[in-house]
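Inside the fold
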Amino acid sequence: MSKKPIILGIETSCDETAASIITENDQGIPVILSNIVSSQIDVHKEFGGVVPELAARAHLNKIDWIVQKAIDESGFKADKIDAIASTAGPGLIVCLSVGLSFGKSFASAMNIPFISVNHLEGHALSPKLNSKLDYPYLLLLISGGHSQYLSVKGIGNYKRLGTTIDDALGEAFDKTAKLLGVEFPGGPQIEVLAEKGDQNKYLLPKPIFNKGGCNLSFAGLKTAVLKISKNIKTEKDKFDIAASFQRTILEIMYKKTKNAFAEYEKNNLKNKTFVVAGGVAANKKIRSMLIKLCDENNFKSVFPPINLCGDNAAMIAMVGLEKFKMRQFDNLDYPAKPRWPLDESAAFLKGAGVKL
Ligand code: KG4
Ligand code: ZN
């Protein structure tokens, strides 16, 4: 039996300091040996959002012991690690630099390969940590900074089918939460408030809903919520806004995902598998709506477990494992990349005036 690779993943692209060790079993199924995530919510709460310099300082303070904890919990000694994978982008440059430099130094000191990882590819491959997943597949990536439909044909092989032209979906949840006076990070709280509200109370706009294709737009929704939030008098008003907001998102995502299915099939991609990843994939209402849509359209739906939807280092180690097996290593001068789209050939789309 050949020795299975042991990969250390490191993630510091935004406000989570994370380290994880993974390997695989004899059937080639990934096994998470440790997965440590330290959130900085308390550092940023009073500012209502992530402050880059404070985030970088918090990463610097914690990275040593987070990595040490991941190694200790894995049950292996550091000298058994075969490669180190660090997030190199996209993200806040001051934050990325911490995990990237740490990973490079560690790899150099241990004389093992270093692998740079695209954070978005980590999300894209996160379902592989608990499901068998064959290429190609249609991916919906919904996080705090990105909302995209992509066809995925393999590692590093992405074609963007649609994207947001303004806010990301997670950002829309976070901004709505802020307008309702919910503490940072408010996105997940909208789901909780919505449970208690009347989802038909407010009619909110659905920007570019009737245009073809699967591009998305959420900025108009935020403006509408801003207007009605000025008249909030009771807690019930907040629940109703949250519920109406979430219902509108469900309607938008239902229609645009259906369009994305058509785009995917137009590209002659036969494997009807739909993967949903990123922080917003933790939303149970969005999950169940997309599962229903997949059933109606004969797509197989695949989600990462809820605890691996948000930022973590197991997903970074997952990309590291695949690249390790393909001997895709990087030099120690690999730069941090604040902007690093999965489909580098896709045009930059921004703004309401954009032609769709
Ligand atoms: O993937 P992620 O952890 O970080 C980024 O790479 O951006 O995603 C974080 C985003 C935040 O905007 C957060 O509000 C959103 O995911 N989010 C949710 C839920 N849980 C996290 N949005 C809606 N419902 C949730 N349950
Ligand atoms: Zn993320």
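Preceding this paragraph is the structure being described.
Report on the accompanying structure. (Residues numbered from 1 in each chain as written. Chains lettered and ligands numbered in written order. Predicted model: local features only at pLDDT ≥ 70, side-chain atom pairs only at ≥ 80, totals over all residues. Heavy atoms only, no water.)

1. Focus: the site of ligand 1
By nearness alone, 19 residues border ligand 1, and G144, D174, E191, G279 and N283 come closest of all. G144 is positioned with one of its backbone polar atoms (N or O) 2.8 Å from an oxygen atom of ligand 1. In this structure, G170 approaches ligand 1 through a main-chain N or O atom, which is 3.2 Å from an oxygen atom. Relative to its free-state accessible area of 550 Å², ligand 1 is covered by the protein chains to the extent of 83%. Going through the elements one at a time, helix 4 (119-125), helix 5 (169-179) and helix 6 (187-194) are the ones with two or more residues in the shell around ligand 1. A class-by-class count of the residues in the shell around ligand 1 yields five nonpolar, 11 polar and three charged. If you count residues domain by domain, the shell around ligand 1 takes at least three from each of domain 1 (7-128 + 308-325) and domain 2 (135-303). (Near = heavy atom within 4 Å. Polar contact = N/O pair within 3.5 Å; in protein donor to acceptor, adjacent residues only side chain to side chain. Areas by Shrake-Rupley, 256 points an atom, 1.4 Å probe, with all protein chains shown as cover. Helix = DSSP H or I, 4+ residues; strand = E, 2+ residues; numbered from the N terminus. Nonpolar A, V, L, I, M, F, W, Y, C, P; charged D, E, K, R; others polar. Domains from an automatic or database assignment.)

2. Description of the coordination of the zinc ion (ligand 2)
Ligation of the zinc ion (ligand 2) by protein atoms is provided by H119 (NE2), H123 (NE2) and D311 (OD), these donors lying 2.0 to 2.1 Å from the ion. Each of the four donor atoms around the zinc ion (ligand 2) contributes to a set of angles spanning 94 to 138°, which defines the coordination as irregular. Look at where the donors of the zinc ion (ligand 2) fall in the sequence and you get H-x3-H-x187-D. Here D311 lies in the loop between strand 10 (300-302) and helix 10 (314-325) and H119 lies in helix 4, a separation of 192 residues in the sequence. (Donors = N, O, S within 2.8 Å, 3.2 Å for Na, K, Ca; no water. Tetrahedral: all angles 85-135°; square planar, octahedral: opposite > 155°, others 65-115°.)

3. Points about the sheet that holds strand 5 (residues 114-118)
The strands that make up a sheet pair up through hydrogen bonds in the backbone, lying either parallel or antiparallel. With respect to topology, five strands assemble into an open sheet ordered 3-2-1-4-5, the strand pairing being mixed. Every other strand in the sheet has two partners, leaving strand 3 (30-39) and strand 5 as the edge strands with one partner each. In this sheet, neighbouring strand axes are inclined to one another by 20° on average, regardless of whether the strands run parallel or antiparallel. Where strand 2 (residues 16-24) meets strand 3, nine bridges bridge the pair, whose relative direction is antiparallel. Counterpart to I21 in the pairing with strand 3 is S34. On the sheet, helix 10 packs against strand 1 (7-11), strand 2, strand 3, strand 4 (83-89) and strand 5 and is oriented at approximately 40° with respect to strand 2. (Pairing = 2+ DSSP bridges. Axes fitted to C-alpha atoms, helices over the stretch in contact; angles between N-to-C directions. Contact = heavy atoms within 4.5 Å.)

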